Amino acid sequence: MPGSASSVLITGGSRGIGARLAALLAADGMDITITYRRSADAADAVVAGIRAAGGTARAVRTELESPDDLDALFAGDTAFDAVVANAAASAFKPIAQLSARNLERSWATNVRSFVLLAQRAVPRMPDGGRIVAITSYGAGRAFPAYGAIGADKAAVESWVRHMAAEFGPRGITVNAVNGGLIETDSLHGFYATPGMPPLADVTARIPLGRVGSADEMAHTVRFLLSPQAGYITGQAIVVDGGLTITAPPFWEDVRRAQARMQEEE
C-alpha cells in the first residue's frame, strides 16, 4: 500500500487514468506492472518516466480477451498486493446495431477478464490485498450508444459486491471507482461519435460545472489501496462532480430560462 514496498497490476496503464495512477503509486514506492494492448510506445513512455523518477515498473502487452495472456501475467511465482482493472473497450453503437461479436468482445474484455484476473490474483495475495475496478456512470444510467459497455460495467459492480463478500475473510477488499465525465482520450472519442451533442453542453449540466480529471480518479483509487480504506469493501465510489444526482429540470436549463425571462422584461 502507499508508503510500503508493495506491488500493483494496472490494466490499461499506457494512458489516461491508468498512466496517471501508475505514476502516482510508483511515487509511493510501489512496484508497478501495467498492461497495454496496442499503445506500446505510450506504455514504454510511462515505464520510462517512472524509472527516471527512481521507481520500478514494467509494461506487458496483454489481450484481456485471452485467458492465456492473463495466465502469463502470473507466470512462475508472480504475485501482486493489488490489482486495478482499469482497461475497457467496447462498441459505441445503438443496441439494435450491436452484433454478436460486439457483445462477446465487450463482455470478454470488461467482465470476464475482471473475474479471471481476480481468480488468479487472490490465491497469491497477502491478507489485506486490494482489488479495484474502474467503472462508469453508465453502470446505472442509460444514454445513447453506451448499452454494451454500460451493462458490462453494471455487471462488474455486481461482481465487486460478490467478490467482497467471498474474499473478505482473507482480508482482501474489493471496490469500484465509478467515474463520470473524466478528461481522457476515451471521453473525447465517445463525444466524437456522430450524433453526440457538444461535450460543453453536457458539462454545463454537471453541478460542479466541469469534467473530472484522471488525477482525481487516480487519487480515489490510491485511497482505496491504502490502509486507511481497510474497512471499505463492496462499494462503488462515485467520482462524477454530481452528475448522477441531478434530474430534469436541470439547473442549467432553469438558469437559461430565467435569463431569457429577464431579457424579455
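The structure reproduced in this document is the subject of the present report. (Residues numbered from 1 in each chain as written. Predicted model: local features only at pLDDT ≥ 70, side-chain atom pairs only at ≥ 80, totals over all residues. Heavy atoms only, no water.)

**Some details on the pairing of strand β3 (residues 56-61)**
Strand direction decides the pairing type here: strand β2 (residues 31-36) and β3, joined by 6 bridges, are parallel. Paired with I34 across the two strands is A59, which belongs to β3. Running through helix α2 (residues 40-52), the crossover from β2 to the neighbouring parallel element β3 is right-handed. (Pairing = 2+ DSSP bridges. Helix = DSSP H or I, 4+ residues; strand = E, 2+ residues; numbered from the N terminus. Right-handed = clockwise from strand over helix to strand, strands pointing away.)

**Let's talk about the nonpolar core**
With 32 residues, the main nonpolar core has I10, I32 and V84 as its most contacted residues. Within the residue set of this core, elements represented by two or more residues are β1 (7-10), α1 (16-27), β2, α2, β4 (82-85), β5 (130-136) and α8 (214-224). Setting aside chain neighbours within four positions, we find I32 in contact with V8, I10, A22, L25, A26, I50, T56, A57 and R58. Membership of the second largest hydrophobic core comes to 27 residues, among which are F80, V160, F167 and V174. (Core = buried A, V, L, I, M, F, W, Y, C linked by side-chain atoms within 4.5 Å. Buried < 20%, exposed > 50% of the residue type's maximum accessible area, 1.4 Å probe, protein only. Contact = heavy atoms within 4.5 Å.)

**Quick look at empty space enclosed by the protein**
As enumerated under the stated definition, the model contains 2 cavities of 30 Å³ or more in all. Of the voids in this model, the largest cavity is the one considered here, and its volume is about 90 Å³. In terms of lining residues, the largest cavity is bounded by 14 residues, among which A85, A87, N110, F114 and K153 are the most central. In the lining of the largest cavity, the residues fall into 8 nonpolar, 5 polar and 1 charged. Empty space within the second largest cavity amounts to approximately 30 Å³. Forming the boundary of the second largest cavity are V83, A85, F114, L117, A118, A121 and I131. For the lining of the second largest cavity, the secondary structure elements donating two or more residues are β4 and α4 (100-121). Tallied by class, residues from the lining of the second largest cavity come to 7 nonpolar, no polar and no charged. (1 Å grid on protein atoms, 1.4 Å probe; cavity = no way out; pocket = protein on both sides within 12 Å on 5 of 7 lines; lining within 4 Å. Points joined across faces, edges and corners; volume = space filled by probe spheres on them. Nonpolar A, V, L, I, M, F, W, Y, C, P; charged D, E, K, R; others polar.)

**Structural notes on the pattern of salt bridges**
In this structure the tally under the stated criterion is 11 salt bridges. Between D185 and R15 there is a salt bridge whose closest N-O contact spans 3.6 Å. Linking D185 in helix α6 (residues 185-191) with R15 in the loop between β1 and α1, this pair joins segments that are 170 residues apart in sequence. Residue D185 is classed as exposed on the basis of its relative accessible area, which comes to 55%. Overall, R15 belongs to the partly exposed group, its relative accessible area being 42%. The salt bridge involving D31 is made with R58; its shortest N-O contact spans 3.1 Å. Of this pair, D31 sits in strand β2 while R58 is found in strand β3, placing the two residues 27 residues apart along the sequence. Several salt bridges share partner residues, and in doing so they unite R37, R61 and E63 into one network. (Salt bridge = Lys/Arg side-chain N within 4 Å of Asp/Glu carboxyl O.)

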